[in-house]
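Chain by chain, the residues run as shown.
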Amino acid sequence: MVGSMITVPHRLRFFLLGLVLALLVTNLGILATDAPWRPTVPIAHAASAEITPLRVMSWNSLFVNKNPQSFHDALLTLHPDLIAIQEIGDPLVAELRANWQSTYPYMELYPTGTPAGMAIVSRYPFVSTASPDFDEESGCNCQVVTVDIAGTTITLINAHPWPPEIALTKPTHWSNLLGLNTTNQDPIFDQLLTQINQATGPLLVMGDFNTMPFQPNVGRVAALLTDSFVEAGSGLGYTFPADGRAYNLPSIPFMRIDYIFHNAAWRAEENWVGTIDGSDHRYVVADLILH
């Protein structure tokens, strides 16, 4: 029996999906992460004395973000080497160009005024770059660059698949409370997997996947690559929503939808999340060692 549909804005529907799942699960960590619960602080690992980790960062900045100072302050604290940004808007582009050119001389910035905007910022020189593939029907909705890291060429994919179609129903049983349709999302992940399979050498895939770890499309990526949070993270790793005022609803982070994946060329030493004011997503940072 098809229940009556409750129509709500798409981004809010995604928020409500996670809220409902959180309420249904007694131990929130069971579904939200493959790792056991641990204190939400960076954990100490045996660092290599000979090798300095590459610090990478992924962040959905929210395309209407008008708080570049918080981004500036975060960069001063975090000191990332490579940054993948989703939904970058003009204020953050202006901040990067005005104040960070000497630190990050290599920038590929593509604001769109919509959630499609993307950017990759690097301390290290690009070997190759390309405009983001914004085709939502037959493309990967991703940005691909190669970077020269001390003589080794690595591939970085900045990915932002759109959320699955979500609806709340009036169910006859609690298990039928949510409708989750990935028909719109599957082709984007198909193309993302093509990009992953075509890459040679060290590979990083970072971004806002709009999809939780237990959902099939993330599983398809995790079958090929290592999730750095599962490998070296702490706490529950929730990344959304970051802002307690999101959508004028009381909220705390309860979904992990932002990721840093890598192939076998890397080992993660640490992975953690944090908040930058102005966005509804937490950032993800990982310290990686190239074998």
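Worth saying up front: this structure is predicted, and the values here are computed from it rather than measured. (Residues numbered from 1 in each chain as written. Predicted model: local features only at pLDDT ≥ 70, side-chain atom pairs only at ≥ 80, totals over all residues. Heavy atoms only, no water.)

The strands that make up a sheet are held in pairs by hydrogen bonds between backbone atoms, and each pair lies either parallel or antiparallel. Taking strand neighbours across the sheet as the criterion, the six strands line up as β4-β5-β3-β2-β15-β14 in an open arrangement whose pairing is mixed. One side of each edge strand has no neighbouring strand; the edge strands of this open sheet are β4 (106–110) and β14 (266–274). Each neighbouring strand pair of the sheet contributes to a mean axis angle of 15 degrees, computed without reference to strand direction. Across five bridges, the pairing between strand β2 (residues 54–60) and strand β15 (residues 283–290) is antiparallel. Considered in β15, the bridge of Met-57 is made with Val-285. Helix α3 (residues 68–78) contacts β2, β3 (82–86), β14 and β15 of the sheet and is inclined by roughly 160 degrees relative to β2. (Pairing = 2+ DSSP bridges. Helix = DSSP H or I, 4+ residues; strand = E, 2+ residues; numbered from the N terminus. Axes fitted to C-alpha atoms, helices over the stretch in contact; angles between N-to-C directions. Contact = heavy atoms within 4.5 Å.)

For any pair of aromatic rings, geometry is given as the distance between the ring centres together with the angle between the planes. Applying the stated rule across the entire model yields seven aromatic pairs. Seen in terms of ring centroids, Trp-100 and Tyr-104 are 6.0 Å apart; in terms of plane orientation they differ by 40 degrees. Their pairing is tilted. Geometrically, the ring pair formed by Tyr-106 and Phe-126 is edge-to-face, given 6.2 Å between the ring centres and 70 degrees between the ring planes. Remark: Phe-126 occurs in strand β6 (residues 126–128) and Tyr-106 occurs in strand β4; sequence separation between them is 20 residues. Classification of Tyr-106 as partly exposed rests on a relative accessible area of 29%. Connected via pairs of aromatic rings, a cluster forms that spans Phe-189, Phe-209, Tyr-259 and Phe-261. (Phe/Tyr/Trp six-rings, centres within 6.5 Å; stacked < 30°, edge-to-face > 60°. Buried < 20%, exposed > 50% of the residue type's maximum accessible area, 1.4 Å probe, protein only.)

With that out of the way, let us pick up the pattern of salt bridges. What the rule picks out here adds up to five salt bridges. Among the salt bridges present, the one from Asp-81 reaches Arg-123, with a minimum N-O distance of 3.0 Å. One end of the pair, Asp-81, is in the loop between α3 and β3; the other, Arg-123, is in the loop between β5 (118–122) and β6, and 42 residues separate them in sequence. Residue Asp-81 is classed as buried on the basis of its relative accessible area, which comes to 12%. Overall, Arg-123 belongs to the partly exposed group, its relative accessible area being 29%. Asp-190 serves as the salt-bridge partner of Arg-220, at 2.4 Å between the closest nitrogen and oxygen. Of the two residues, Arg-220 is situated in helix α6 (residues 216–222) and Asp-190 in helix α5 (residues 186–198); the sequence distance between them amounts to 30 residues. (Salt bridge = Lys/Arg side-chain N within 4 Å of Asp/Glu carboxyl O.)

Let us look at the sheet that holds strand β11 (residues 203–208). The six strands lie next to each other as β6-β7-β8-β11-β13-β12, forming an open sheet whose pairing is mixed. Of all strands in the sheet, those with a lone pairing partner are β6 and β12 (226–227), marking the two edges. Pairing of β6 with strand β7 (residues 142–149), which is carried by two bridges, proceeds in the antiparallel orientation. Its bridge partner lying in β7, Ser-128 is registered against Thr-146. In this fold α5 packs onto β7, β8 (152–159) and β11, with an angle of close to 175 degrees to the strand it touches most, β8.

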